[in-house]
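Coordinate inspection notes
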Amino acid sequence: MKLFKNNCTGKIILALNLALVMLFSGCEKKYVEITAQQELISDIEKLNQEVADFEKTVEKSNDPKKIQQAFNKTRLSYKKIEWAVEYFTPNPARFVNGPALDELEVAENTFIPPNGFQVIEEMIFPDYPLENKADLIRTIKILNGNFKQIQQHLSAITISDSHILDASKMEINRILALGITGFDSPIAFQSIPEAGSSLSSIGNLISKMNFERSESVQYEKEIKNLIHQAINYCKENADFKTFDRAYFIKNYLNPISKKLVAFQKINKIEGVNRNNVVNPKATTIFDKEAFDVNAFIPSEEYVYTKEKAELGKQLFYENALSDDKTRSCSSCHNPEKAFTDGLKTNQSLTGSNLSRNTPTLTYASLQNAQFWDMRQLDLEKQSLDVIQNKDEMHGNVANAIEILTKDAAYQKRFKKAFPNSEKIQEWQVQNALASYIRSLNAFDSRFDKYIRGDSDDFTAEEKLGFNLFAGKAKCATCHFIPLFNGTVPPNYQKTEQEIIGTPADKSGKKISPDLGRYIQYQMPQLKNAFKTPSLRNVAVTAPYMHNGVFTTLEEVVDFYNKGGGVGLGIAVENQTLPADPLELNEKEIKALIAFMKTLTDEAYR
């Protein structure tokens, strides 16, 4: 028996030696590297264990520092797999690291309580009250359950090189818009170390891809080198308030994004249609053509064309759309004022004041909802709403079409814009007007040119202002870069509303009586809720807020600096704006306003 074992052992050793000789003499690859998916599953398993360890720490310890350290460690591990969780499992992802606010399903008049890291963060930072212990443990258990669900899904799918490239580009945009701005870590202020952790996963992903072209090796090295430098920059400049976001974006995030796009092109890696809002050919999120307005249209027949926009421009000034033939869209949206009117609120047809301020139409097409109260989902419905509104135009599109049909010039323009149609139709009037509004996205402000690298025309004060906007002042956690509105990156499938406690007048003693979105959807979370508007062209679109209560940017910044309505002493139980003072000093306030002025498009300067 012993002899048999020795003989077998010798044969096995001989076979292994022969295999090794063959491997090292004839094969180019000397080992089989695990795939991106295999490593991802391994990382999720490690994260599940860390979440379980975090739960045990909470169960056994009452030491706030120990619990906070365990939390930070766990979320850093999450950031390594964030690219996949957000990309492949967006629904559970919102309950892993979404904001600590109820998830509203307005059509069903229901809501889902928040869960995940940001909820836990609020429980343990800046202090950890022991009475939170039972709720904290329960929340951690739910988090662990969500990760197990995510693990099952990611184990069952196929992850291609196309997916890896697309997810990597989206993760860069997520770091830029939600990571370094503090959206993900609003209280613990761990955003900068977490950005480094997210970047490390992208560098690792590129190494897992299959490519043959020799140029690819150089691009891989350059991408990984940039990522390594970016991670080191995060380590060396980890303080949230002093982190230079302008430098970080221009010198690291934008170059990494450009290299990823070039790497994809060289290797002829097919694109995927995971995010139809962002142009897959855009080298960075700041490119002039980075955003596709057709991602926000109701259906394919409404696709944007230059001919439709030209027709819409004519209709924009057409008085025939109003009942008394004295008003057009331009009556309230003056192109010389960046398509606003400069009034607190405009007048109704009867001479009384309208209840809400006229918002700019610039960049209005890059939203998933229209009007201050978000009552319409697209620009086509928005145009019809205004035309039919008895206080604004009180018109009838069918009657207007009768007039337009008799006009030979209009008939020619409609035929050019809608060549397959025999007669002018109501939806075409709406679509033409909407198309004109979709043409009003210039992306040629001084900020755009600076951040793209087209110009150095940006002062130290303006740069400080941007860093405050995206950092200490927390503006970018609601007005997301680069659109500076409430359309949530990097998927841009949702536009947010906020409750900030806007006062009825400048005395700041009571809240505006306008209930906002609550009028359409009577959920307590929506009382006094209004859409987060774009801040592009904000310097030339005063007055501000839904009721035009503030006439200067200084007044607006002062309001936010004090903590919104609650900070003024108004009782706003559902305020979503943090009520803590921002503690901006005079120099910082001035710099913040200087930056916002750089968002003015060239046409309005």
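Quantities reported herein were computed from a predicted structural model and do not represent experimental measurements. (Residues numbered from 1 in each chain as written. Predicted model: local features only at pLDDT ≥ 70, side-chain atom pairs only at ≥ 80, totals over all residues. Heavy atoms only, no water.)

1. A closer look at the environment of P90
Relative to the elements of secondary structure, P90 occurs in helix α4 (residues 90-97). Considered as a pair, P90 and K65 are 25 residues apart in the sequence and their alpha carbons are 32 Å apart. (Helix = DSSP H or I, 4+ residues; strand = E, 2+ residues; numbered from the N terminus.)

2. Here's the deal with the nonpolar core
Ranked by internal contacts, the top residues of the largest apolar core, which has 116 residues, are F147, L199, F248 and F291. The leading source of residues in this core is helix α3 (residues 64-88), at 10 residues. Not counting residues up to four positions away in its chain, the partners in contact with F291 are V277, V278, I285, L366, F443, P482, L483 and Y492. Formed by 32 residues, the second largest nonpolar core is a distinct cluster that contains F316, L361, F371 and A434. (Core = buried A, V, L, I, M, F, W, Y, C linked by side-chain atoms within 4.5 Å. Buried < 20%, exposed > 50% of the residue type's maximum accessible area, 1.4 Å probe, protein only. Contact = heavy atoms within 4.5 Å.)

3. A closer look at the side chain of R327
Mapped onto the elements, R327 comes out in the loop between α11 (306-316) and α12 (379-388). Of the buried charged residues, R327 lacks a salt bridge, with D324 as the closest side chain of opposite charge at 6.5 Å. For R327, the side chain forms a polar contact with the main-chain oxygen of E392, separated by 2.9 Å. Those residues in contact with R327 that lie beyond four places of it in its chain are E318, N319, S322, N346, Q347, S348, L349, D391, E392 and M393. (Lys, Arg positive; Asp, Glu negative; His and termini not counted. Salt bridge = Lys/Arg side-chain N within 4 Å of Asp/Glu carboxyl O. Polar contact = N/O pair within 3.5 Å; in protein donor to acceptor, adjacent residues only side chain to side chain.)

4. Focus on the confidence of the model for the protein chain
Model confidence for the protein chain is summarised by a mean pLDDT of 92, while 94% of its residues fall at 70 or above. This model gives residues 1-32 a pLDDT under 50, and the stretch forms 4 contacts once residues within four places in sequence are excluded. (pLDDT = per-residue confidence, 0-100.)

5. Here we look at unusual backbone geometry
Look at the link from F125 to P126: it is a cis peptide, with omega at -10 degrees. Structurally, the position occupied by P126 is in the loop between α5 (117-124) and α6 (133-156). Geometrically, the link from A542 to P543 is a cis peptide bond, its omega value of 0 degrees lying close to zero. Looking at the secondary structure, you find P543 in the loop between β4 (530-531) and α18 (553-561). At H394, a position not held by glycine, the phi torsion is positive, near 50 degrees.

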